Amino acid sequence: MAMPSSGPISLGQTNTERNKSATAEVSLNDADVRTLFDRPSGEISLLHGRGKAWTVDVEYVVVAGAGGGGYGRGGGGGAGGFRTASGFSVTSGTAYTVTVGAGGASGTQGSNSVLGSVISTGGGNGWGEYGGTQNNDLDGGSGGGRGSSNTGGNGINDGGTFGTLTYQGHDGGDFCYCGDTHRAGGGGGASTDGEPGNNPGHGGYGASTSITGSVVTIAGGGGGGSNSSTGSGRNGGGNGKGWNAGTGGAGTVNTGSGGGGGAGGHARGAGGAGGSGVIYLKISDTNTAVFSSGVTSSLNTGVSGFKIYTVTATSTTSETVTIS
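Every chain's residues receive numbers from 1 upward, in the order its sequence appears when written. Owing to the predicted nature of the model, reporting of local features is limited to residues with pLDDT of at least 70; listing and counting of side-chain atom pairs is limited to 80 or more, with chain, interface and lining totals taken over all residues. Side-chain calculation: all heavy atoms of the structure are included, whereas hydrogens and water are not.

What follows deals with the overall build of the protein. What counts as a helix is a DSSP run of H or I of at least four residues, what counts as a strand is a run of E of at least two, and both are numbered from the N terminus. Across its full length, the protein holds 2 helices and 14 strands. Between two residues, a contact is recorded if the distance between any of their heavy atoms is within 4.5 Å. In the protein, the proportion of contacts linking residues at least 24 apart, taken out of those at least 6 apart, comes to 53%. A total of about 12500 Å² of accessible surface is found on the protein, and carbon and sulfur atoms cover 49% of it. We count Lys and Arg on the positive side and Asp and Glu on the negative side, and we leave His and both chain ends out. A charged residue contributes its charge at one atom only: NZ of Lys, CZ of Arg, CG of Asp or CD of Glu. Each charge class in the protein was averaged separately, 15 positive and 19 negative side chains, and the resulting centres sit 3 Å apart. With residues, only the protein chains shown are counted as cover, and all accessible areas are computed by Shrake-Rupley using a 1.4 Å probe.

Encoded structure:
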């Protein structure tokens, strides 16, 4: 929503734009009217309000769906991309797209999570030693671990500040042919690389946030599979499986943590599914977020002065949030 761009403007419209009663007492010299009109000092008139829009500051954490672990001595799935910022301005009354990314199945990437223009990239899948149709792209928000020769997948860590478009996660671990054992690498986590198979393929560590009022650590990598010692998932990531031990562990839902790699041996196991993503929104308690019908969310008012929303699922990629 915005003030009219032409024609007459009333003081009552400034109230409506600022989410107040249209009949509330107001003056052009009020501090928030000057903020709305972008006139911090000096002369001010109603004409300065044409086309202006009231904005709301938001703090967010947007975590994408994680990658699934690889099939048959498979690498761990990479964590979903982790993005965070405070002081992010949105226009009051405007609907913004909101999407919680799904975790990937065995050998497949996670899906992106979206908040308006903010996109967190799905985690890369773990790579299975035995190849096949379940091996896709190891690269992602964090990279998937490798379950055969060559290196793990690339996470998005091209520089800048962590939690931004260019730095969302870390790389997956490398495969190790360790004598008579084959050990897959762990999936990358938000904060560290997945470990190589000779470590033996633990997932990378996730990142911590206190946006909810308590510390939560999420977006960890999945552990790599093996025919010997296996890698452990971290911060919600699934564990890898050893000789004939079956399907890798699943990443915990709404953590964006990777699935564990499947077992080696005669009875090869599928990789565990990656954990779905999550979105946290923190706004002043004078504001309110309204979601479209396909959004699953909860509200926390336990932190003085704030409303904190946790979005755990969206039924389509066309769901929205409107903050006013």
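Read on, since the account is not over.
The next thing to look at is the sheet that holds strand S1 (residues 55–63). Two strands are counted as paired when DSSP detects at least two bridges linking them. With respect to topology, 5 strands assemble into an open sheet ordered S2-S1-S10-S13-S12, the strand pairing being antiparallel. If you trace the sheet from one side to the other, it starts and ends with strand S2 (82–91) and strand S12 (295–300), each paired once. Between one strand axis and the next, the sheet turns by 20° as a mean value, whatever way the strands run. The pairing of S1 with S2 spans 8 bridges and is antiparallel. By the bridge assignment for S2, Thr-55 is matched with Thr-91. Only C-alpha atoms enter the line fits that serve as axes; for helices the fit covers just the stretch in contact. Angles between N-to-C directions range over 0 to 180 degrees.

When the sulfur atoms of two cysteines come within 2.5 Å, that pair is taken as a disulfide. Enumeration according to the criterion identifies 1 disulfide in this entry. A disulfide bridge connects Cys-176 with Cys-178, and the sulfur atoms are separated by 1.9 Å. Where Cys-176 bonds to Cys-178 through sulfur, the torsion about that S-S bond is close to 125°, and the disulfide is right-handed. Think of it in three bands: with a 1.4 Å probe and only protein chains considered, a residue is buried below 20% of the maximum accessible area for its type, exposed above 50%, and partly exposed in between. Look at Cys-178 and you get partly exposed, because its relative accessible area is 21%.

A few words on the side chain of Arg-83. For Arg-83, the position within the fold is in strand S2. One speaks of a salt bridge when a side-chain nitrogen belonging to Lys or Arg is within 4 Å of a carboxyl oxygen belonging to Asp or Glu. Asp-158 provides the closest opposite charge to the buried, unpaired Arg-83, separated from it by 12 Å. Within the structure, Arg-83 has its side chain in polar contact with the backbone oxygen of Ile-119 (distance 3.1 Å). With near-sequence residues (within four places) excluded, Arg-83 lies in contact with Tyr-60, Val-61, Val-62, Val-118, Ile-119, Ser-120, Gly-163, Thr-164, Leu-165 and Gln-168. Whenever two N or O atoms come within 3.5 Å, that pair is a polar contact, provided that in protein one can donate a hydrogen and the other can accept it, and provided that, for residues adjacent in sequence, both atoms are side-chain atoms.

The next subject is the environment of Gly-204. Relative to the helices and strands, Gly-204 is located in the loop between strand S7 (181–183) and strand S8 (207–209). Discounting residues that sit within four places of it in the chain, Gly-204 has contacts with Gly-187, Gly-188, Gly-189, Thr-192, Asp-193, Gly-194, Gly-220, Gly-221 and Arg-234.

What follows is about the sheet that holds strand S5 (residues 118–120). In space, the 5 strands of this open sheet follow the order S5-S4-S3-S14-S11, with antiparallel pairing throughout. Each end of this open sheet is capped by a strand with a single partner; those strands are S5 and strand S11 (289–291). Along the sheet, successive strands turn relative to each other by an average axial angle of 25°, direction set aside. As paired strands, strand S3 (residues 95–99) and strand S14 (residues 320–323) are joined by 3 bridges and run antiparallel to one another. Pairing of Ala-95 across the sheet is with Thr-322, part of S14.

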